[in-house]
Amino acid sequence: MQKHFLFAFAVAALSSAGSASVLAADQLPPVKAPVLPEWTWDGFYLGANAGYAWAHDPLQRQLFSGQSDSPTFGDINSRGALGGFYAGFNRQNGRWLSGLELDVSTGIRGSSTASGTGLAVGQAPGTETLSIIDKLDMLGSGRVRLGYLPRPDLLLYATGGLAWSSVRQSADDNSVFFRGGGQITHWEDSS
């Protein structure tokens, strides 16, 4: 009989504990879900870019100027890695957005070389080797942006601004002219 009594007492204790927790849950104030911040395009941003670029410099030049049959070197085709950074700021006012952005990149390079033997105007016969190198020092732009948000996560915008580039061209002209059995070496930079 004691076993039955202990079992009945254990069942009664569990039943009262369960009903007490249900009553306690009914007494607690409701918990509200956290409020998520509203989607915004406001603020500063910074990033990096990397890629591959190519350029074509249509340049035809003759060695030994003034001679129609002298060798020519052709166009300079530059190619290579290009990388840089960009930074900007946006200000959102309701469904409208305005902003500024700046980007700067650098990296590509190309060259063209020609050599030959001939007679330069005003010079004795000789040999000439000419190399011209193009290098992109900087490519950049600054823009303003005006946009409209038809929904919080979609921006339709127009942008406009200025773009600039700095390309350095260097030339290495090595010439040897012969006069009366001797030689004269001539170097000229035509950048």
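One can find the structure itself at the top, above this paragraph.
If you're wondering where the values come from, they're calculated on a predicted model, not measured in any experiment.

Rules used throughout
- Residues numbered from 1 in each chain as written.
- Predicted model: local features only at pLDDT ≥ 70, side-chain atom pairs only at ≥ 80, totals over all residues.
- Heavy atoms only, no water.
- Salt bridge = Lys/Arg side-chain N within 4 Å of Asp/Glu carboxyl O.
- Helix = DSSP H or I, 4+ residues; strand = E, 2+ residues; numbered from the N terminus.
- Buried < 20%, exposed > 50% of the residue type's maximum accessible area, 1.4 Å probe, protein only.
- Pairing = 2+ DSSP bridges.
- Polar contact = N/O pair within 3.5 Å; in protein donor to acceptor, adjacent residues only side chain to side chain.
- Contact = heavy atoms within 4.5 Å.

The full count for this structure, using the stated rule, is six salt bridges. The residue Arg-168 makes a salt bridge to Asp-137 at a minimum N-O spacing of 3.1 Å. Taken together, the residues Arg-168 in strand β8 (residues 154-179) and Asp-137 in strand β7 (residues 125-151) connect sequence positions 31 residues apart. With relative accessibility at 47%, the residue Arg-168 sits in the partly exposed group. With its nearest N and O atoms 2.7 Å apart, the salt bridge here joins Asp-153 to Arg-151. Each of Glu-101, Asp-103, Arg-143 and Arg-145 takes part in salt bridges that share partners, so that together they form one network.

Once that is clear, we can look at the pairing of strand β4 (residues 76-93). As paired elements, strand β1 (residues 43-57) and β4 share 15 bridges and run antiparallel to each other. For Leu-46, the partnering residue across the bridge sits in β4 and is Ala-87. Alignment of β4 against strand β5 (residues 96-106), held across 11 bridges, turns out to be antiparallel. Bridge pairing in β5 links Asn-93 to Trp-96.

Here we take up the environment of Ala-87. With respect to the helices and strands, Ala-87 occurs in strand β4. Overall, Ala-87 belongs to the partly exposed group, its relative accessible area being 25%. Spatially, the C-alpha atom of Ala-87 lies 4.4 Å from that of Leu-46, the residues being 41 residues apart in sequence.

Let's shift gears to the side chain of Gln-92. Residue position: Gln-92 is located in strand β4. The exposure class assigned to Gln-92 is buried, which follows from its relative accessible area of 18%. In terms of polar contacts, Gln-92 uses its side chain to reach the backbone carbonyl oxygen of Gly-94, at 3.0 Å. What Gln-92 contacts, discounting residues up to four positions off in sequence, is Trp-39, Thr-40, Trp-41, Asp-42, Leu-97 and Leu-149.

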